[in-house]
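Survey of secondary and tertiary structure
The chain contents come next:
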Amino acid sequence: MNLDWSVVWLNRDALIAATGTTIMLTIATMAIAVPCGIVVAILRLYAWGPVRAAATFYVELFRNLPLILVVFWAFYVLPILTGLSLSPLATGLAALALNVTAYNAETFRAGINSIRRGQVEAAMALGMSRAQALRRVIVPQAVRRILPVLASTWVSLFKDTSLVSVIAVTELAYVAMQIRAQSFRVLEMLTAMAAIYWLLGYPQAKLVDWIQRRYNVTE
Amino acid sequence: MANVEISATRAKSAGAKIIRYRGVIKRYGAFEALRGVDLDVHAGEVVCLIGPSGSGKSTLLRCTNGLEMTDGGEIEFEGALLPRDEKPLRLMRARMGMVFQSFELFPHLTALENVAEGPRTVLRKSLAEAKTRAAAMLAKVGLADKEANYPSALSGGQQQRVAIARALAMEPDVMLFDEPTSALDPETIGEVLNVMKVLAEEGMTMVVVTHEMTFARRVGDWVAVFDTGRIVEQGPPQQIFDAPLTERTRDFLSHLGWAG
């Protein structure tokens, strides 16, 4: 077999830029999906009936649709529904955020439910409102408790950003596939792509593990 | 009935009534946890609620600051009926300190942050002021050297003292204690009771649900004996422990091995 790894080196600038896009997509998605996930979880737990039902519908819808379908849907249907024409990057980000927010909402809901009732009572006995008790007492503890779950969501998300390549977002998977198509260096490019994903994903997972140990709350 | 006669012997009855319970009823489904409770708490008084488990002592305490809502009767705090609306209820809660059986310290905050949390979030003090006050309160309960400790690094007795400091930092008019020593190891019960005794000596108004009969007798000014959702007898500790008027009180105390 005739291998030519120079194709990776020759395209390093494109690959580095694409890797940057992948990382940026991951960070931006989480930056949206963590606060939105908290809000949706709180709506599912405490909101007035119909709002709660809507939040539940949203979560169950997006949790049970294949992400790639959501990506296509955001690309083809969202502009028709909303009249907005977003760039592929913004569309991909929206699809990822919709999906991950639904997962995070479930994670946060489980985390909030795991905090003892007595903690809310202690906060309320001090004179806090329900909102203050949530913000100051419940959510900070819930976040620490679910960090391991958020960590694995993060790592999944980092890999799942590759799905937005189907709508031509120039992230790592898309660019690597483009180079492969132009150079016919299939094995080299797929290997390079795998190496980049793994080398970036592994330390992220370890970093989040470390954060979890660092901020772990013991009772 | 006997109420008039008894209040004559009530040492601190000259003080204003801080809490007044009249015919308080609380139901959980078909179960009546409180079946018409009448009780007064005067300023500076230590009122101990004793009686078997499930007799309604803790329920009455939890109704006092609206953690549970009553189903009948009245609770007055400082001359005003306990509000049912969230906002005025919060203002009233901020003037009552509560200490729980299971401490309920906030595990993600240090001892100092736990104590500063109320002044900071509820009283809207500056961070510096809240921390100064918190430090003073921790010193008061003898834990000045534990400011930076998280609750998980404190013994049960220390955690409960931090919880007392947390309640005191709100400068409450009354302190509610819900079995504050029931979850503690025997060797740490004393340190918590001592802090409570000092508070009582300083004139803090306290309502204490307790199984510590020695504390009720020595520190209590007034003792109410609960049974199946009612107060079966109330009076000064000398009466309750030395010359109980009802059979039920005698039974309860003899079950605890209280010689009388």
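Residues numbered from 1 in each chain as written. Chains lettered and ligands numbered in written order. Predicted model: local features only at pLDDT ≥ 70, side-chain atom pairs only at ≥ 80, totals over all residues. Heavy atoms only, no water.

Considering the overall build of chain B
Note the threshold: In this description a helix means any DSSP run of H or I spanning at least four residues, a strand means any run of E spanning at least two, and both kinds are numbered starting from the N terminus. In this description the radius of gyration comes from C-alpha coordinates, and the expected globular size is given by 2.2 Å times residues to the power 0.38. Burial classes: relative accessible area under 20% of the type maximum marks a residue as buried, over 50% as exposed, and values in between as partly exposed (1.4 Å probe, protein chains only). Whether two residues are in contact is decided by their heavy atoms: any pair within 4.5 Å suffices.
If you tally the helices and strands in chain B, you get 10 helices and 10 strands. Over its C-alpha atoms chain B spans a radius of gyration of 18 Å, differing by no more than 12% from the 18 Å that the globule rule assigns to 260 residues. On the principal axes, the C-alpha backbone points of chain B span a range of 55 × 40 × 40 Å. Counting all 260 residues of chain B, 55% fall into the buried class. If you take every contact in chain B between residues at least 6 apart in sequence, the share linking residues at least 24 apart comes to 65%.

Quick notes on the interface of chain B and chain A
Applicable threshold: Buried area counts how much accessible surface, traced with a 1.4 Å probe, disappears from two parts once they are put together, with both parts' losses summed. For this analysis, a salt bridge means a side-chain nitrogen from Lys or Arg found within 4 Å of a carboxyl oxygen belonging to Asp or Glu. Side-chain classes follow a simple rule in which Ala, Val, Leu, Ile, Met, Phe, Trp, Tyr, Cys and Pro form the nonpolar group, Asp, Glu, Lys and Arg form the charged group, and the remainder, Gly included, forms the polar group.
Taken residue by residue, the interface counts 24 residues in chain B and 22 residues in chain A. Summed over both partners, the interface of chain B with chain A comes to about 2100 Å²; 58% of that surface belongs to carbon and sulfur atoms. Considering only the surface of chain B that becomes buried against chain A, B:E104, B:P107 and B:H108 emerge as the three largest contributors, covering 28% of it. In this assembly, chain B and chain A are joined by three salt bridges. The partner of B:E104 in a salt bridge is A:R116, with the nearest N and O atoms 2.9 Å apart. Elements supplying a minimum of two residues to the side of chain B that touches chain A: α3 (86–93), β6 (96–99) and α4 (111–122) of chain B. Counting residues per element, the side of chain B that touches chain A draws most heavily on α4(B), at four residues. Split by residue class, the side of chain B that touches chain A holds 10 nonpolar, six polar and eight charged.

Notes on the packing of aromatic side chains
Residue and element names in this part refer to chain A. Keep this limit in mind: Only centres within 6.5 Å qualify two rings of Phe, Tyr or Trp (six-membered ring in Trp) as a pair; their planes then separate them into stacked at under 30 degrees, edge-to-face at over 60, and tilted for everything else. Here, a charge over a ring means that NZ of Lys or CZ of Arg falls within 6 Å of the ring centre while also lying within 35 degrees of the ring normal.
Going through the model one piece at a time under the given rule, you end up with five aromatic pairs over all chains. A centroid spacing of 5.1 Å and a plane angle of 50° characterise the contact between Y58 and F62, whose relative ring orientation is tilted. Residue Y58 and its partner F62 are located together in helix α3 (residues 49–63), separated by four residues, close to a single helical turn. On the basis of relative accessible area, F62 is assigned to the buried category, the value being 8%. One residue, R12, lies across the ring of W9, its end atom 4.2 Å from the ring centre.

What about the pattern of salt bridges?
Per the stated rule, a full pass over the model turns up 24 salt bridges over all chains. Its salt-bridge partner being B:E68, residue B:R62 comes within 3.0 Å of it at the nearest N-O pair. The partner of B:K125 in a salt bridge is B:E129, and the shortest N-O contact between them spans 3.9 Å. When salt bridges that share partners are traced, they join A:R117, A:E121, B:K26, B:R62 and B:E68 into one network.

As for the sheet that holds strand β3 (residues 46–50) of chain B
All names here are of chain B. As a reminder of what qualifies: The pairing criterion for strands is at least two bridges between them, as found by DSSP. A fitted line through C-alpha atoms represents every axis, and for helices the fit uses only the stretch in contact; the resulting angles, taken between N-to-C directions, go from 0 to 180 degrees.
A sheet is described by the order of its strands in space; here six strands give the open sequence β6-β7-β8-β3-β9-β10, paired in mixed fashion. Edge strands, defined here as strands with exactly one partner in the open sheet, are β6 and β10 (230–235). Here the strands of the sheet are splayed against their neighbours by 15° on average, with no regard to which way each runs. Strand contacts of helix α7 (residues 186–201): β3, β7 (174–178) and β8 (205–209), with the helix running at about 145° to β8, the strand carrying the most contacts.

Overview of the confidence of the model for chain B
Residues and elements named next belong to chain B. Filter applied, for reference: The quantity known as pLDDT measures the predictor's confidence residue by residue, on a range of 0 to 100.
A residue-level look at chain B finds 94% of positions with pLDDT of 70 or above and a mean pLDDT of 93. Here residues 1–8 scores under 50 on pLDDT; set against residues more than four positions off or in separate chains, the count is six contacts. Interface scoring of the predicted complex returns ipTM 0.91; its pTM is 0.81.

Description of the pairing of strand β1 (residues 17–28) of chain B
Residue and element names in this part refer to chain B. Sheet topology note: the β1/strand β2 (residues 31–42) ladder contains nine bridges and is antiparallel. For I19, the partnering residue across the bridge sits in β2 and is V41. Between the antiparallel neighbours β1 and β2 lie two residues, among them G29 with a positive phi of about 60°.

Description of unusual backbone geometry
Residue and element names in this part refer to chain A. Positive phi, normally seen in glycine, also occurs at A168, with a value near 65°. With respect to the helices, strands and loops of the structure, A168 is situated in the loop between α8 (130–160) and α9 (172–183). Despite not being glycine, F184 shows a phi value in the positive range, around 60°. Within the fold, F184 resides in the loop between α9 and α10 (186–215).

Some details on the side chain of A:T107
Mapped onto the fold, A:T107 is located in helix α6 (residues 88–113). Ignoring sequence-local partners within four residues, the contact set of A:T107 consists of A:I146 and A:V149.

As for helix α4 (residues 67–76) of chain A
Residue and element names in this part refer to chain A. Selection rule: This arc corresponds to the set of directions leading from the helix axis out to the C-beta atoms.
L67, V70, V71 and A74 are the residues of α4 that are buried. The buried residues of α4 all sit within an arc of 105° when viewed along its axis, so they share a single face. Elements in contact with the buried residues of α4: α3, α5 (78–82), α6 and α8.

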